[in-house]
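Listed below, chain by chain, are the residues.
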Amino acid sequence: MGKVVVGLSGGVDSSVAAATLHQQGHDVIGLTLWLMKGKGQCCSEGMVDAAQLCEDLDIPYHVVDTRELFEEKIVNYLVEGYSQGVTPLPCSQCNRSVKFGPMLDYARQELGADAIATGHYARIRHNPETNRYELRRAVDRNKDQSYFLYDLTQTQLGATQFPLGEQTKVQTREIAAQLGLHTAEKPESQDLCLIEQHGSMQAFLDKYLAPKPGNIVDTNGQVLGQHTGIHHYTIGQRKGLGIAAPAPLYVVALDVARNQVVVGERDSVHQPYCIADRVNWVSIEAPDAPIAVSVQIRYRSPAVAATVVPLADGSVKLVFADPQFGVSPGQAAVWYDDDERVLGGGLIRPFAQSDER
(Lines give C-alpha, C1' and ligand atoms only; values in the text may rest on other atoms or scores of the structure.)
Protein backbone atom coordinates (compact mmCIF):
# COMPACT_ATOMS: atom_id res chain seq x y z
CA MET A 1 0.00 0.00 0.00
CA GLY A 2 1.33 3.43 -0.93
CA LYS A 3 1.68 6.68 0.95
CA VAL A 4 -1.45 8.87 0.75
CA VAL A 5 -1.85 12.45 1.96
CA VAL A 6 -5.45 13.06 3.06
CA GLY A 7 -6.86 16.58 3.12
CA LEU A 8 -8.56 17.06 6.48
CA SER A 9 -11.16 19.75 7.16
CA GLY A 10 -12.08 18.48 10.61
CA GLY A 11 -15.46 17.17 9.42
CA VAL A 12 -16.81 13.64 9.41
CA ASP A 13 -16.31 13.07 5.66
CA SER A 14 -12.57 13.72 5.56
CA SER A 15 -12.19 11.87 8.88
CA VAL A 16 -13.78 8.72 7.46
CA ALA A 17 -11.74 9.05 4.25
CA ALA A 18 -8.53 9.05 6.30
CA ALA A 19 -9.66 6.26 8.61
CA THR A 20 -10.78 4.09 5.67
CA LEU A 21 -7.44 4.38 3.88
CA HIS A 22 -5.62 3.76 7.16
CA GLN A 23 -7.64 0.58 7.72
CA GLN A 24 -6.82 -0.58 4.21
CA GLY A 25 -3.13 -0.45 5.08
CA HIS A 26 -2.10 2.76 3.37
CA ASP A 27 0.62 4.92 4.89
CA VAL A 28 -1.70 7.87 5.66
CA ILE A 29 -0.60 11.43 6.42
CA GLY A 30 -3.12 14.07 7.46
CA LEU A 31 -2.90 17.56 5.98
CA THR A 32 -4.94 20.71 6.57
CA LEU A 33 -4.64 23.78 4.40
CA TRP A 34 -4.97 26.87 6.58
CA LEU A 35 -7.14 29.09 4.40
CA MET A 36 -8.17 31.88 6.75
CA LYS A 37 -8.56 32.86 10.36
CA GLY A 38 -11.79 32.61 12.32
CA LYS A 39 -14.79 30.32 12.16
CA GLY A 40 -15.21 27.66 9.53
CA GLN A 41 -14.66 23.91 9.56
CA CYS A 42 -11.69 24.19 7.24
CA CYS A 43 -9.89 26.64 9.47
CA SER A 44 -9.17 27.21 13.16
CA GLU A 45 -11.94 25.03 14.59
CA GLY A 46 -11.40 22.30 12.01
CA MET A 47 -7.69 22.06 12.76
CA VAL A 48 -8.41 20.99 16.33
CA ASP A 49 -10.65 18.12 15.19
CA ALA A 50 -8.23 17.14 12.40
CA ALA A 51 -5.32 17.04 14.84
CA GLN A 52 -7.37 14.92 17.25
CA LEU A 53 -8.25 12.48 14.47
CA CYS A 54 -4.60 12.05 13.51
CA GLU A 55 -3.68 11.47 17.13
CA ASP A 56 -6.42 8.84 17.43
CA LEU A 57 -5.25 7.10 14.24
CA ASP A 58 -1.59 7.55 15.20
CA ILE A 59 -0.70 9.15 11.88
CA PRO A 60 1.38 12.29 11.13
CA TYR A 61 -0.41 15.62 10.81
CA HIS A 62 0.71 18.70 8.88
CA VAL A 63 -0.75 22.18 8.53
CA VAL A 64 0.21 24.30 5.52
CA ASP A 65 -0.38 28.05 5.65
CA THR A 66 -2.14 28.93 2.37
CA ARG A 67 -3.86 32.09 3.58
CA GLU A 68 -2.08 34.37 1.10
CA LEU A 69 -2.91 32.04 -1.79
CA PHE A 70 -6.55 31.88 -0.68
CA GLU A 71 -6.70 35.68 -0.48
CA GLU A 72 -5.23 36.01 -3.96
CA LYS A 73 -7.14 33.25 -5.75
CA ILE A 74 -10.50 33.27 -3.95
CA VAL A 75 -11.14 36.45 -1.97
CA ASN A 76 -9.94 38.75 -4.74
CA TYR A 77 -11.73 36.60 -7.33
CA LEU A 78 -15.03 36.92 -5.46
CA VAL A 79 -14.76 40.64 -4.82
CA GLU A 80 -13.83 41.39 -8.43
CA GLY A 81 -16.65 39.22 -9.75
CA TYR A 82 -19.39 40.71 -7.58
CA SER A 83 -18.17 44.23 -8.39
CA GLN A 84 -18.65 43.40 -12.09
CA GLY A 85 -22.21 42.16 -11.65
CA VAL A 86 -21.56 38.42 -11.75
CA THR A 87 -22.07 35.77 -9.07
CA PRO A 88 -18.77 33.88 -8.88
CA LEU A 89 -18.55 30.23 -7.85
CA PRO A 90 -15.52 30.03 -5.55
CA CYS A 91 -15.53 26.27 -4.85
CA SER A 92 -14.39 24.96 -8.23
CA GLN A 93 -11.71 27.66 -8.42
CA CYS A 94 -10.60 26.83 -4.88
CA ASN A 95 -10.47 23.10 -5.55
CA ARG A 96 -8.14 23.45 -8.51
CA SER A 97 -5.95 26.41 -7.55
CA VAL A 98 -5.88 26.37 -3.75
CA LYS A 99 -6.62 22.82 -2.61
CA PHE A 100 -5.82 19.98 -5.00
CA GLY A 101 -2.93 21.61 -6.86
CA PRO A 102 -0.97 22.88 -3.81
CA MET A 103 -1.83 19.75 -1.79
CA LEU A 104 -0.47 17.46 -4.51
CA ASP A 105 2.67 19.59 -4.86
CA TYR A 106 3.26 19.51 -1.09
CA ALA A 107 2.60 15.77 -0.94
CA ARG A 108 5.16 15.07 -3.65
CA GLN A 109 7.82 17.60 -2.79
CA GLU A 110 7.72 17.58 1.01
CA LEU A 111 6.20 14.26 2.06
CA GLY A 112 7.34 11.84 -0.63
CA ALA A 113 3.81 10.80 -1.54
CA ASP A 114 2.37 10.40 -5.02
CA ALA A 115 -1.31 10.26 -4.04
CA ILE A 116 -3.77 12.52 -2.27
CA ALA A 117 -7.29 11.88 -1.04
CA THR A 118 -10.24 13.92 0.19
CA GLY A 119 -13.70 13.35 1.61
CA HIS A 120 -15.49 14.53 -1.52
CA TYR A 121 -18.42 12.52 -2.84
CA ALA A 122 -17.37 11.69 -6.41
CA ARG A 123 -15.65 8.89 -8.31
CA ILE A 124 -12.63 8.66 -10.59
CA ARG A 125 -12.13 5.96 -13.23
CA HIS A 126 -9.26 5.44 -15.66
CA ASN A 127 -10.35 4.65 -19.20
CA PRO A 128 -7.64 2.47 -20.82
CA GLU A 129 -9.06 3.07 -24.29
CA THR A 130 -8.67 6.85 -24.10
CA ASN A 131 -5.96 6.87 -21.42
CA ARG A 132 -7.91 9.59 -19.60
CA TYR A 133 -9.08 9.80 -16.03
CA GLU A 134 -12.85 10.19 -15.93
CA LEU A 135 -14.74 12.05 -13.24
CA ARG A 136 -18.09 10.53 -12.34
CA ARG A 137 -20.95 11.28 -10.01
CA ALA A 138 -20.98 9.71 -6.55
CA VAL A 139 -23.27 6.81 -5.68
CA ASP A 140 -25.08 9.14 -3.26
CA ARG A 141 -26.66 11.60 -5.71
CA ASN A 142 -27.87 13.81 -2.85
CA LYS A 143 -24.25 14.39 -1.80
CA ASP A 144 -22.60 14.26 -5.22
CA GLN A 145 -19.91 16.96 -5.51
CA SER A 146 -18.69 16.33 -9.04
CA TYR A 147 -20.14 19.72 -10.04
CA PHE A 148 -17.47 21.45 -7.92
CA LEU A 149 -14.66 19.23 -9.24
CA TYR A 150 -15.07 19.74 -13.00
CA ASP A 151 -12.02 22.01 -13.21
CA LEU A 152 -9.49 19.45 -11.94
CA THR A 153 -6.71 18.56 -14.35
CA GLN A 154 -5.84 15.10 -15.61
CA THR A 155 -2.70 15.19 -13.46
CA GLN A 156 -4.73 15.99 -10.36
CA LEU A 157 -7.38 13.37 -11.10
CA GLY A 158 -4.75 10.72 -11.74
CA ALA A 159 -3.20 11.28 -8.31
CA THR A 160 -6.45 11.62 -6.33
CA GLN A 161 -8.61 9.13 -4.44
CA PHE A 162 -12.20 9.68 -3.27
CA PRO A 163 -12.80 6.90 -0.70
CA LEU A 164 -16.42 8.00 -0.11
CA GLY A 165 -17.56 7.96 -3.73
CA GLU A 166 -19.07 4.49 -3.54
CA GLN A 167 -21.07 5.05 -0.35
CA THR A 168 -23.87 7.22 1.04
CA LYS A 169 -23.63 9.90 3.69
CA VAL A 170 -25.63 7.65 6.02
CA GLN A 171 -23.00 4.94 5.58
CA THR A 172 -20.26 7.45 6.26
CA ARG A 173 -21.86 8.38 9.58
CA GLU A 174 -22.25 4.68 10.42
CA ILE A 175 -18.60 3.97 9.66
CA ALA A 176 -17.51 6.93 11.78
CA ALA A 177 -19.59 5.63 14.69
CA GLN A 178 -18.29 2.07 14.29
CA LEU A 179 -14.71 3.33 14.33
CA GLY A 180 -15.39 5.55 17.32
CA LEU A 181 -14.33 8.72 15.51
CA HIS A 182 -15.00 11.84 17.58
CA THR A 183 -16.38 13.59 14.46
CA ALA A 184 -19.12 10.97 13.95
CA GLU A 185 -21.91 13.28 15.11
CA LYS A 186 -20.34 16.56 14.07
CA PRO A 187 -22.87 18.82 12.28
CA GLU A 188 -22.36 19.27 8.58
CA SER A 189 -21.17 22.58 7.24
CA GLN A 190 -24.05 24.21 5.34
CA ASP A 191 -22.39 27.29 3.88
CA LEU A 192 -19.27 28.46 2.10
CA CYS A 193 -16.37 28.87 4.49
CA LEU A 194 -16.45 32.63 3.89
CA ILE A 195 -20.11 32.78 4.88
CA GLU A 196 -19.45 30.74 8.01
CA GLN A 197 -16.76 33.23 8.99
CA HIS A 198 -18.61 36.46 8.20
CA GLY A 199 -22.23 35.42 8.76
CA SER A 200 -23.41 36.10 5.20
CA MET A 201 -22.03 36.77 1.75
CA GLN A 202 -23.32 40.33 1.99
CA ALA A 203 -21.39 40.91 5.23
CA PHE A 204 -18.24 39.53 3.58
CA LEU A 205 -18.61 41.71 0.49
CA ASP A 206 -19.40 44.82 2.53
CA LYS A 207 -15.89 44.55 4.02
CA TYR A 208 -14.41 45.05 0.56
CA LEU A 209 -16.97 46.94 -1.53
CA ALA A 210 -18.27 50.37 -0.53
CA PRO A 211 -22.02 51.05 -0.81
CA LYS A 212 -22.94 52.40 -4.22
CA PRO A 213 -26.66 53.27 -4.32
CA GLY A 214 -28.53 53.12 -7.59
CA ASN A 215 -31.89 52.48 -9.17
CA ILE A 216 -33.94 49.32 -9.41
CA VAL A 217 -35.70 49.49 -12.78
CA ASP A 218 -38.06 47.29 -14.77
CA THR A 219 -37.22 45.96 -18.21
CA ASN A 220 -38.61 49.19 -19.74
CA GLY A 221 -36.30 51.37 -17.65
CA GLN A 222 -38.96 52.64 -15.24
CA VAL A 223 -37.55 53.30 -11.77
CA LEU A 224 -39.23 51.11 -9.15
CA GLY A 225 -36.96 51.55 -6.16
CA GLN A 226 -33.40 51.91 -4.89
CA HIS A 227 -30.55 49.53 -4.12
CA THR A 228 -27.38 49.93 -2.02
CA GLY A 229 -25.06 48.11 -4.41
CA ILE A 230 -25.47 45.64 -7.29
CA HIS A 231 -23.16 43.21 -5.48
CA HIS A 232 -26.06 42.50 -3.09
CA TYR A 233 -28.11 40.93 -5.91
CA THR A 234 -27.98 37.93 -8.23
CA ILE A 235 -29.90 36.83 -11.32
CA GLY A 236 -33.20 35.16 -10.44
CA GLN A 237 -33.38 36.69 -6.96
CA ARG A 238 -36.89 37.44 -5.71
CA LYS A 239 -36.60 38.13 -1.99
CA GLY A 240 -35.13 41.30 -0.55
CA LEU A 241 -35.99 43.62 -3.45
CA GLY A 242 -38.13 45.92 -1.29
CA ILE A 243 -40.55 46.60 -4.14
CA ALA A 244 -44.34 46.38 -4.05
CA ALA A 245 -45.76 45.13 -7.35
CA PRO A 246 -48.93 43.38 -8.59
CA ALA A 247 -46.90 40.30 -9.61
CA PRO A 248 -43.70 38.82 -8.13
CA LEU A 249 -40.56 40.43 -9.54
CA TYR A 250 -37.16 38.82 -10.07
CA VAL A 251 -33.71 40.15 -10.87
CA VAL A 252 -33.29 39.89 -14.64
CA ALA A 253 -29.94 41.64 -15.08
CA LEU A 254 -27.26 43.64 -13.27
CA ASP A 255 -26.25 46.67 -15.35
CA VAL A 256 -22.81 47.66 -14.10
CA ALA A 257 -22.41 50.60 -16.50
CA ARG A 258 -25.63 52.25 -15.28
CA ASN A 259 -25.39 50.83 -11.75
CA GLN A 260 -28.90 49.45 -12.11
CA VAL A 261 -30.66 46.31 -10.93
CA VAL A 262 -33.12 45.29 -13.65
CA VAL A 263 -36.20 43.34 -12.54
CA GLY A 264 -39.08 41.66 -14.35
CA GLU A 265 -41.67 38.92 -14.08
CA ARG A 266 -40.61 35.30 -13.98
CA ASP A 267 -40.87 34.66 -17.73
CA SER A 268 -38.24 37.31 -18.40
CA VAL A 269 -35.64 35.43 -16.32
CA HIS A 270 -35.56 32.39 -18.63
CA GLN A 271 -32.70 31.96 -21.10
CA PRO A 272 -32.65 29.66 -24.14
CA TYR A 273 -28.84 29.37 -24.11
CA CYS A 274 -25.66 30.67 -22.52
CA ILE A 275 -21.98 30.88 -23.35
CA ALA A 276 -19.42 29.27 -21.03
CA ASP A 277 -15.73 30.09 -21.13
CA ARG A 278 -12.66 28.99 -19.16
CA VAL A 279 -13.75 25.52 -20.27
CA ASN A 280 -12.12 22.38 -18.92
CA TRP A 281 -12.81 19.15 -20.77
CA VAL A 282 -12.50 16.41 -18.20
CA SER A 283 -13.39 12.88 -19.25
CA ILE A 284 -13.06 13.41 -23.01
CA GLU A 285 -10.97 15.46 -25.40
CA ALA A 286 -12.56 18.69 -26.62
CA PRO A 287 -14.97 17.74 -29.46
CA ASP A 288 -15.01 19.55 -32.78
CA ALA A 289 -18.76 19.17 -33.32
CA PRO A 290 -21.91 19.70 -31.21
CA ILE A 291 -22.78 16.96 -28.71
CA ALA A 292 -25.93 16.20 -26.70
CA VAL A 293 -25.45 16.40 -22.92
CA SER A 294 -27.24 16.95 -19.65
CA VAL A 295 -26.08 20.12 -17.93
CA GLN A 296 -26.23 21.62 -14.45
CA ILE A 297 -26.15 25.40 -14.20
CA ARG A 298 -26.02 25.47 -10.39
CA TYR A 299 -25.16 22.94 -7.71
CA ARG A 300 -28.63 22.08 -6.49
CA SER A 301 -30.43 22.28 -9.83
CA PRO A 302 -31.30 19.09 -11.73
CA ALA A 303 -29.37 18.34 -14.88
CA VAL A 304 -31.32 19.29 -18.01
CA ALA A 305 -31.01 18.34 -21.66
CA ALA A 306 -28.82 20.61 -23.77
CA THR A 307 -26.49 20.72 -26.74
CA VAL A 308 -22.86 21.80 -26.34
CA VAL A 309 -21.61 23.72 -29.37
CA PRO A 310 -17.80 24.23 -29.42
CA LEU A 311 -16.75 27.75 -30.45
CA ALA A 312 -13.58 28.88 -32.18
CA ASP A 313 -12.14 30.64 -29.10
CA GLY A 314 -12.36 27.53 -26.90
CA SER A 315 -15.60 28.56 -25.22
CA VAL A 316 -18.87 26.69 -25.78
CA LYS A 317 -22.46 27.59 -26.44
CA LEU A 318 -24.97 25.65 -24.35
CA VAL A 319 -28.35 25.48 -26.05
CA PHE A 320 -31.00 24.26 -23.61
CA ALA A 321 -33.79 21.95 -24.75
CA ASP A 322 -36.11 24.20 -22.71
CA PRO A 323 -35.31 27.78 -21.58
CA GLN A 324 -33.79 27.79 -18.08
CA PHE A 325 -34.62 30.06 -15.15
CA GLY A 326 -32.00 32.16 -13.41
CA VAL A 327 -28.92 31.43 -15.51
CA SER A 328 -26.34 33.37 -13.48
CA PRO A 329 -23.10 34.70 -15.02
CA GLY A 330 -20.09 33.60 -12.98
CA GLN A 331 -21.62 30.29 -11.94
CA ALA A 332 -20.41 27.02 -13.39
CA ALA A 333 -22.16 25.09 -16.12
CA VAL A 334 -21.12 21.43 -15.91
CA TRP A 335 -22.19 18.94 -18.55
CA TYR A 336 -22.54 15.19 -18.22
CA ASP A 337 -22.88 12.13 -20.42
CA ASP A 338 -26.06 10.27 -19.38
CA ASP A 339 -26.04 12.37 -16.18
CA GLU A 340 -23.16 10.23 -14.91
CA ARG A 341 -19.77 11.08 -16.40
CA VAL A 342 -18.47 14.66 -16.24
CA LEU A 343 -17.55 15.60 -19.78
CA GLY A 344 -16.57 19.19 -19.05
CA GLY A 345 -17.51 22.48 -17.53
CA GLY A 346 -16.95 26.20 -17.66
CA LEU A 347 -18.03 29.53 -16.23
CA ILE A 348 -21.16 31.20 -17.55
CA ARG A 349 -20.27 34.41 -19.36
CA PRO A 350 -22.17 37.68 -18.76
CA PHE A 351 -25.07 37.86 -21.18
CA ALA A 352 -23.94 41.12 -22.76
CA GLN A 353 -21.13 39.09 -24.33
CA SER A 354 -23.22 36.01 -25.08
CA ASP A 355 -24.05 37.07 -28.61
CA GLU A 356 -25.05 34.69 -31.34
CA ARG A 357 -22.14 33.29 -33.31
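The model shown is predicted, which means the values in this text are computed figures rather than measured ones.

*Asks:* Run through the nonpolar core, naming residues and quoting values.
*Replies:* With 46 residues, the main nonpolar core has V5, F70, L135, L194 and F204 as its most contacted residues. Contributions of two or more residues to this core are made by β2 (27-34), α3 (67-83), α4 (90-110), α8 (201-206), β16 (332-337) and β17 (341-348).

*Asks:* Give a detailed account of the pattern of salt bridges, specifying residues and quantitative values.
*Replies:* Side-chain pairs of opposite charge can arise whenever the charged atoms involved come near each other. Taken as a whole and judged by the stated rule, the model has 18 salt bridges. For D49, the salt bridge is made with K186, and the minimal N-O distance between the two is 2.6 Å. In this pair, D49 is assigned in helix α2 (residues 44-57) and K186 in the loop between α6 (169-178) and α7 (193-198), connecting sequence segments 137 residues apart. K186 gets classed as buried once you look at its relative accessible area, which sits at 18%.

*Asks:* Before we move on, can you summarise α3 with the specific residues and values?
*Replies:* Here α3 is 17 residues long and its end C-alpha atoms lie 22 Å apart, about the 24 Å a rise of 1.5 Å per residue gives. Within α3 the residues assigned to the buried category are F70, I74, V75, Y77, L78, V79, G81 and Y82. Taken from the residues just after α3, G85 is the one with a positive phi, measuring 80°.

*Asks:* Describe in detail the state of the cysteines, supporting the description with residues and values.
*Replies:* Two cysteines whose sulfur atoms are joined by a covalent bond form what is called a disulfide. By the definition in use, this model includes zero disulfides. Here C91 is not disulfide-linked; the sulfur of C94 is the nearest cysteine sulfur, at 7.1 Å. Accessibility expressed as a relative area gives 22% for C91, which makes it partly exposed. Of the residues examined, C94 reaches a relative accessible area of 6% and is grouped as buried.

*Asks:* Mind laying out the side chain of T66, listing which residues take part and the relevant values?
*Replies:* Mapped onto the elements, T66 comes out in the loop between β3 (61-65) and α3. Owing to a relative accessible area of 8%, T66 belongs among the buried residues under this scheme. Setting aside chain neighbours within four positions, we find T66 in contact with L33, W34 and L35.

Cut-off values and rules
- Residues numbered from 1 in each chain as written.
- Predicted model: local features only at pLDDT ≥ 70, side-chain atom pairs only at ≥ 80, totals over all residues.
- Heavy atoms only, no water.
- Core = buried A, V, L, I, M, F, W, Y, C linked by side-chain atoms within 4.5 Å.
- Buried < 20%, exposed > 50% of the residue type's maximum accessible area, 1.4 Å probe, protein only.
- Helix = DSSP H or I, 4+ residues; strand = E, 2+ residues; numbered from the N terminus.
- Salt bridge = Lys/Arg side-chain N within 4 Å of Asp/Glu carboxyl O.
- Expected span 1.5 Å × (residues − 1).
- Disulfide = S-S within 2.5 Å.
- Contact = heavy atoms within 4.5 Å.

Interpretation in functional terms is not warranted from these geometric data alone.
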